[in-house]
Structures are given as structure tokens and as C-alpha cells.
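# Secondary and tertiary structure notes
Given next are the chains, with one letter for each unit.
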Amino acid sequence: MPLTQEDIEGAVPIDRAAILLSPDELEKSGRKVKPYALIILNQPINDLAMLKRVWDNATVRACADGGANRLFHALDKSSRQKFKPDFIAGDLDSLMPEIREYYEFVLSVPIYHSPDQYSTDFGKCLVQLSVMNPAERLAIVALGGTGGRVDQEFHSYHTLFTHEVMATAEDDSDPTKRRREVTLLSDDSLTFLVPQADEKPLTAKIFTPRSVVGPTCGLIPILGPSVISIKGFTWDVEDWPTSFGTQVSTSNAMEGDEVYVKSDKTLIFTLEVRR
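Residues numbered from 1 in each chain as written. Predicted model: local features only at pLDDT ≥ 70, side-chain atom pairs only at ≥ 80, totals over all residues. Heavy atoms only, no water.

## Examining the packing of aromatic side chains
By convention here, two paired aromatic rings are described through the distance between centres and the angle between planes. Put simply, the rule is: Pairing of aromatic side chains requires ring centres within 6.5 Å, counting the rings of Phe and Tyr and the six-membered ring of Trp. Pairs whose planes differ by under 30 degrees are stacked, by over 60 edge-to-face, and all others tilted. Put simply, DSSP H or I for four residues or longer makes a helix, DSSP E for two residues or longer makes a strand, and each gets a number counted from the N terminus. Residue burial is assigned from relative accessible area. The probe radius is 1.4 Å, only protein chains are included, and a residue is buried under 20% of its type maximum, exposed over 50%, and partly exposed in between. A ring is scored as having a charge over it whenever the NZ atom of a lysine or the CZ atom of an arginine sits within 6 Å of its centre and within 35 degrees of its normal.
Evaluated as defined, the whole model comprises eight aromatic pairs. Relative to Phe 269, the ring of Phe 233 has its centre 6.3 Å away and its plane inclined at 70 degrees; by these criteria the two rings are edge-to-face. A residue pair is termed long-range when its members are at least 10 positions apart, and Phe 233 in the loop between strand E11 (226–231) and strand E12 (237–242) and Phe 269 in strand E15 (residues 267–273) qualify at 36 residues. In terms of burial, Phe 233 and Phe 269 fall into one category: buried. Taken together, Phe 72, Tyr 102 and Tyr 103 form an aromatic cluster joined through their ring pairs. The ring of Phe 207 has Arg 31 lying over it, and the distance from NZ or CZ to the ring centre is 3.6 Å. Directly above the aromatic system of Phe 72 lies the positively charged group of Arg 80, at a separation of 3.7 Å from the ring centroid.

Right under this line is the structure:
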């Protein structure tokens, strides 16, 4: 499964990192940000410049339960009205009463309570987004999608797969289970899937603007043993078997603003966020 010139010429473009670019950088690169919904999860928000960038680039903004606490505390009084979420959703066991009162009664933000204990607050936000916008298929950017508790982080990875890999044509008839692109974002990492195409190896051309991501990155074979060929990295490999328990391409590095990845299985690709 070598990476051929034909593979490179026919590679599927992936440009999730565009959400981190400034308007000037977007114009210079000739790229546009695909419409997306920003969902703020219950993790500390330390990088206000990143928050502003992904907030401004978003079409819809929401908080998942305690994510509203994080948004409120990250901002000063004069900034909170500028960062008004479109809604807050979850089981509301983490949302502080005084912060709920502020968003609900001062800013008139809709708050949706779901007691379902078989889904996370992240999942509840996705359901509410679909209910509110049944005709739209917005991509998702989850701020705080990695970091924090390990079980919650793994559920974020689970969400990647349920919405990009496991969603079927039958599921797509239900707007609460429709296929969506999901990107996980934290202060340190930008994480998404490099997909497989109809059980055949797929080559992806990934936009990796070095002004905002890298150089460190990793390719994680979370669906089981995989064979990969990659180009544009410090350590390129060809027909390289990778699996947990043998060898995994973590702590690799990107050499430029685009890389190529060919794999026989869907992989998690995670990139360091530059500050």
C-alpha cells in the first residue's frame, strides 16, 4: 500500500485547522471555514485568543452544562454579553445556580434540561442542535473535547466515531443521529478522524498551517491494527504496521503546511496547537 503519485493527486482534502486562522490568514491561504457549531464543554478556558477565534468563526455557539460555568468565569463582566451562547443544554447537574440565572434571565439564553443518563452533556447538545436545526448538517467543534477526566475524553473520541463513522444512511433519516464532522479542540491539541473509504485505503491531504498547529502530531490506530503510509512528516513511513502493543506513530512532526496520510483503517489524528 505505498503512497503513489496517483494517491497524492487524488487525495481527499481535510482542513480542520482552518478554524484557528485569523481572517487575514484565511484570505491569504484562499480557504474558507466550513460552517460549524461550537460546543463549549466543561473544561477550563485559558486561551482567550483561541476562544475568540473559534467563536467568531462559528455559525452556532452552545454550552454543554458546566461549559457555561467555564465560559462565564473566563470572561470579565464587559465581555460576557459579547459571548452570548445560542443555548445551554445538559442534565444541568454542574451548571451553577447564579450562572444559570445570569444566562437565563439577564441574557435570555434558552436552557434545555435532559435527565437522560445514557448520554453525556456533549451528546445532549448535539441532540438539541439537531432538534433546533433539523435541516442543517453543521460540523461540530468541541472546545474542551480533550483533557480533563480520561473517561470523558474517551467519550469524546467515541463521539467522533458515532457521528463520522458509525452513522448510517438509515440513521441519517433521524436528525439527532445524522452524520457530522466532529473536531475536538483544547488549549494543547486539535483532534479529528482521518477516514477510511468504503473499506478501501484512503489518502488524505491534510492542511496543517504551521502558524497555528504543530509541529508535533500523532496518528492513533484506535480501531485496531492498521497499515499506514505518510508523507510530509519528519519520520515518513511506507506500508508501516501500527497497533496498540506494537508500534504507534506518536510524537511525530510535520514539516510543512500539508501532509499526506494513507491508511486501511480510520485513524485519530491529533496535532499540537501553537500559542
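## Section: the nonpolar core
Which entries qualify depends on this criterion: Residues belong to one nonpolar core when they are buried, are Ala, Val, Leu, Ile, Met, Phe, Trp, Tyr or Cys, and are joined through side-chain atoms within 4.5 Å.
Tyr 103, Leu 185 and Phe 269 are the most contacted members of the largest nonpolar core, which totals 57 residues. Of all hydrophobic cores here, the second largest spans 23 residues; its members include Val 60, Ala 62, Leu 126 and Leu 129.

## So, the side chain of Asp 7
Quick reminder of the rule: Two N or O atoms count as a polar contact when they lie within 3.5 Å, although within protein this holds only if one can serve as hydrogen donor and the other as acceptor, and sequence-adjacent residues are included solely when both atoms are side-chain atoms. Residues count as neighbours in contact if any of their non-hydrogen atoms are within 4.5 Å of one another.
Structurally, Asp 7 can be placed in helix H1 (residues 5–9). For Asp 7, a relative accessible area of 17% translates into the label buried. A distance of 3.0 Å separates the side chain of Asp 7 from the backbone nitrogen of Thr 4, its partner in a polar contact. In terms of polar contacts, Asp 7 uses its side chain to reach the side chain of Lys 262, at 2.8 Å. Ignoring any residue separated from it by four or fewer positions in sequence, one finds Asp 7 in contact with Pro 2, Thr 203 and Lys 262.

## Some words on the state of the cysteines
Here, the word disulfide means a covalent bond between the sulfur atoms of two cysteines. Put simply, the rule reads: Criterion for a disulfide: a pair of cysteine sulfur atoms within 2.5 Å.
Across all of its chains, the model carries zero disulfides by this definition. Take Cys 63: it sits in no disulfide, and the sulfur closest to it among the cysteines is that of Cys 125, at 7.7 Å.

## Let's talk about the pattern of salt bridges
Rules: Any carboxyl oxygen of Asp or Glu within 4 Å of a side-chain nitrogen of Lys or Arg constitutes a salt bridge here.
Taken as a whole, this structure holds eight salt bridges when the rule is applied. Residues Arg 16 and Glu 181 are paired through a salt bridge, measuring 3.4 Å at the closest nitrogen-oxygen approach. Placement of Arg 16 in the loop between strand E1 (12–14) and helix H2 (23–29) and of Glu 181 in the loop between helix H9 (169–172) and strand E7 (182–185) is noted, with a sequence separation of 165 residues between them. Taking relative accessible area as the criterion, Arg 16 reaches 10% and is therefore assigned buried. Two residues, Arg 149 and Asp 151, come together in a salt bridge whose shortest N-O distance is 2.7 Å. Linked by salt bridges that have partners in common, Arg 16, Lys 34 and Glu 181 make up one network.

## Some thoughts on unusual backbone geometry
Here Gly 214 and Pro 215 are connected by a cis peptide whose omega angle stands at 10 degrees. Located in the positive-phi region is Asp 65, a residue other than glycine, with phi close to 50 degrees. If you trace the backbone, Asp 65 turns up in the loop between strand E3 (60–64) and helix H4 (67–74). Non-glycine residue Ser 251 carries a positive phi angle of around 55 degrees. By relative accessible area, which is 56% here, Ser 251 ends up exposed.

## Side note on the pairing of E3
Basically, it comes down to this: Being paired, for any two strands, means DSSP has found at least two bridges between them. With its strands directed away from the observer, a crossover is right-handed exactly when the path from the first strand over the helix to the second travels clockwise.
The element E3 is largely enclosed, with a buried count of five among its five residues. The two faces of E3 match: Val 60, Ala 62 and Ala 64 on one face and Arg 61 and Cys 63 on the other face are all buried. Where strand E2 (residues 36–40) lies against E3, four bridges are found, and the strand directions are parallel. Looking at E3, one finds that Ala 37 is bridged to Val 60. Traced from E2 through helix H3 (residues 48–57) to E3, the parallel crossover comes out right-handed. Bridge count for E3 against strand E4 (residues 87–90) is three bridges, and the pairing is parallel. Across the sheet, residue Ala 64 finds its bridge partner in E4, namely Ala 89.

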